[in-house]
Amino acid sequence: MLAQETASSDTVGVWSTDVSGKLSGSQAAYSNWQEGGVNSLAFTTSIDGLAERRGRHWIHRHQARLAFGILRQDFDQDDESEVRKADDLIRLESALRYQGEGFFRIFNPTIAGNIRTQFAKGFAFPGQDNPYPDDNPRGGEITDGESRLVSQFLAPAFITESIGLTYEPAPWVQMRLGAASKQTIVLKDQLKVLYDVDFDRAARVEAGAEYALDVNRRITEDIRYKSNLNAFFSFNQTEDPPDVLWTNVLQLSVNDYISTELEVTLLYDKNIDDSVQLKEVLSVGVSFDVL
C-alpha cells in the first residue's frame, strides 16, 4: 500500500513535528603518564528538526540539522592552547508536494530547496593538507604557529532548487528526481579559489538534475537509522561524476536521555577536490526532545 494512503483522516491538515537536541562531550587529562597521551577537552551540541503537514492534496515537509562543536587539546596549567572547531553545520531543506489522482498520486509533483553552510570560521593547521594551490600566496606547507582560513559563514554555502517528482513507497523512505539549479556561494574573496568560484562573482551557478533519497527507519525500539543522499548532475560536466553528499546516522538509545550516535558523511565535488571527502563522528551524550 502506498505511504500516502496510510494517513488517517484525523491527521489531515495537522502539523507533525519532531525536534530533538543532543549535548555531548569528552575530556582526557594526563600527569606523569609514561605511555603518552594528549590532554583534550571537546564539546558538541546539535539540533535535528522535522515538521510535516499532510493536507488532502498538498504535503509540506521541512527539515533542519544544526551542529557545532569545539576542541581544545595539548594544554596544561601553563599553556593557553587555542580552541579549534570540531564540528559545524547548518543544513535546511524544504519541499512542497502535490498529491493528485492517478499517476500523480504515486509520483507527486514537487518543488524543493536546500541550503548547506556553517556558523563559524574554519582553518587548516600545521600537519594538515593545505587546500590552497602552491602558486597562491597562501599555498605551501603550513608551519608551526600558522593557519589558513578555509571556510566561514556563507563561504561556502551550497544552495539547490529543484522541480520534479517524489515517490514515497513507505512512510520511512522518499525518493525525488527533477530538474535543478545549484549555486556555490562564496562571499569571502580569498576563499573563492578553494571552491572554484570566479573572483569577480559571488557564486558559481550550475544547471542540471538532482536525485534525492531520504531514509528515516527505526530498526528496533532503541536503534534508528537515518540516511540522506543528494546527487547533482551538472549539464556542463556530463562526463564527470555527479556532486554527491551522503550522510548516514546510526542512533542507539541507552535510555530516555543517554544515546550513542555514529555519523558518516561522504562528499564529492570535482570542482573542489578530485578525491572523496569523508567525515566520521562517534559521540555519546545527553539527548532531549524539544517538540
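Since this is a predicted model, take the numbers as computed values, not measurements.

Caption draft 1: View of the overall build of the protein. Helix and strand content of the protein: 1 helix and 14 strands. If one aligns the C-alpha atoms of the protein with their principal axes, the spans along those axes are about 70 × 50 × 25 Å. Contacts spanning at least 24 positions in sequence make up 58% of the contacts within the protein whose residues lie at least 6 apart. Carbon and sulfur atoms form 55% of the exposed surface of the protein, whose accessible area is close to 17,100 Å². Put simply, the protein has 28 plus and 44 minus side-chain charges, and the middle of one group is 7 Å from the middle of the other.

Caption draft 2: Expanded view of unusual backbone geometry. The amide bond that connects Ala 155 to the next residue, Pro 156, takes the cis arrangement and shows omega of 5°. Within the secondary structure layout, Pro 156 lies in the loop between strand S7 (148-151) and strand S8 (157-170). With phi around 55°, Asn 32 is a residue other than glycine that occupies positive phi space. Mapped onto the secondary structure, Asn 32 falls in the loop between strand S1 (15-28) and strand S2 (40-54).

Caption draft 3: Molecular detail of the packing of aromatic side chains. Counted by the stated rule, this structure contains 7 aromatic pairs. Relative to Phe 104, the ring of Phe 103 lies with its centre 5.3 Å away and its plane at 80°, an arrangement referred to as edge-to-face. The ring of Phe 199 is capped by Lys 192, whose NZ or CZ atom sits 5.7 Å from the centre of that ring.

Caption draft 4: Broad picture of a nonpolar patch on the surface. Residues Leu 23, Phe 43, Ile 70, Val 83, Val 254, Tyr 257, Ile 258, Val 284, Val 286, Phe 288, Val 290 and Leu 291 make up a contiguous nonpolar surface patch of roughly 1,100 Å² in combined accessible area. Counting residues per element, the nonpolar patch draws most heavily on strand S14 (residues 273-289), at 3 residues. Here Leu 291 shows up in the segment after S14. For Leu 291, a relative accessible area of 62% corresponds to the exposed category.

Caption draft 5: Main features of the sheet that holds strand S3 (residues 58-73). What the 12 strands build is a closed barrel, ordered S1-S2-S3-S4-S5-S8-S9-S10-S11-S12-S13-S14; its pairing is antiparallel. Put simply, the sheet's adjacent strands are angled 20° from each other on average, direction ignored. Judged from the 14 bridges that link them, S1 and S2 form a sheet pairing that is antiparallel. Its bridge partner being in S2, Gly 21 is matched across the sheet by Ile 47.

Caption draft 6: Quick peek at the side chain of Ser 259. Here Ser 259 lies in strand S13 (residues 258-269). Within the local environment of Ser 259, its side chain forms a polar contact with the side chain of Ser 287, the two groups lying 2.5 Å apart. Other than its neighbours up to four places away in sequence, Ser 259 contacts Lys 22, Leu 252, Ser 253, Val 254, Ser 283, Val 284, Gly 285 and Ser 287.

Caption draft 7: Quick look at the pairing of strand S5 (residues 107-117). As paired strands, strand S4 (residues 84-98) and S5 are joined by 8 bridges and run antiparallel to one another. Paired with Ser 94 across the two strands is Gly 113, which belongs to S5. Inspection of the sheet shows S5 paired to S8 by 10 bridges, in the antiparallel sense. In the strand pairing of S8, Ile 115 is matched with Ile 159.

Caption draft 8: Inspection of the pattern of salt bridges at higher detail. Evaluated as defined, the whole model comprises 20 salt bridges. The salt bridge partner of Arg 54 is Glu 52, with a shortest N-O separation of 3.2 Å. Each member of the pair, Arg 54 as well as Glu 52, is classed as buried. As a salt-bridge pair, Glu 263 and Lys 279 come within 3.8 Å of each other at their nearest N and O atoms. Of the two residues, Glu 263 is situated in strand S13 and Lys 279 in strand S14; the sequence distance between them amounts to 16 residues. Residues participating in the shared-partner salt-bridge network are Asp 48, Arg 65, Asp 87, Glu 261, Glu 263 and Lys 279.

Conventions used here
- Residues numbered from 1 in each chain as written.
- Predicted model: local features only at pLDDT ≥ 70, side-chain atom pairs only at ≥ 80, totals over all residues.
- Heavy atoms only, no water.
- Helix = DSSP H or I, 4+ residues; strand = E, 2+ residues; numbered from the N terminus.
- Contact = heavy atoms within 4.5 Å.
- Areas by Shrake-Rupley, 256 points an atom, 1.4 Å probe, with all protein chains shown as cover.
- Lys, Arg positive; Asp, Glu negative; His and termini not counted.
- Charge placed at Lys NZ, Arg CZ, Asp CG, Glu CD.
- Phe/Tyr/Trp six-rings, centres within 6.5 Å; stacked < 30°, edge-to-face > 60°.
- Lys NZ or Arg CZ within 6 Å of the ring centre and 35° of its normal.
- Patch = residues over 30% accessible without salt bridge, like charges linked within 9 Å, V, L, I, M, F, W, Y side chains within 5 Å.
- Salt bridge = Lys/Arg side-chain N within 4 Å of Asp/Glu carboxyl O.
- Buried < 20%, exposed > 50% of the residue type's maximum accessible area, 1.4 Å probe, protein only.
- Pairing = 2+ DSSP bridges.
- Axes fitted to C-alpha atoms, helices over the stretch in contact; angles between N-to-C directions.
- Polar contact = N/O pair within 3.5 Å; in protein donor to acceptor, adjacent residues only side chain to side chain.

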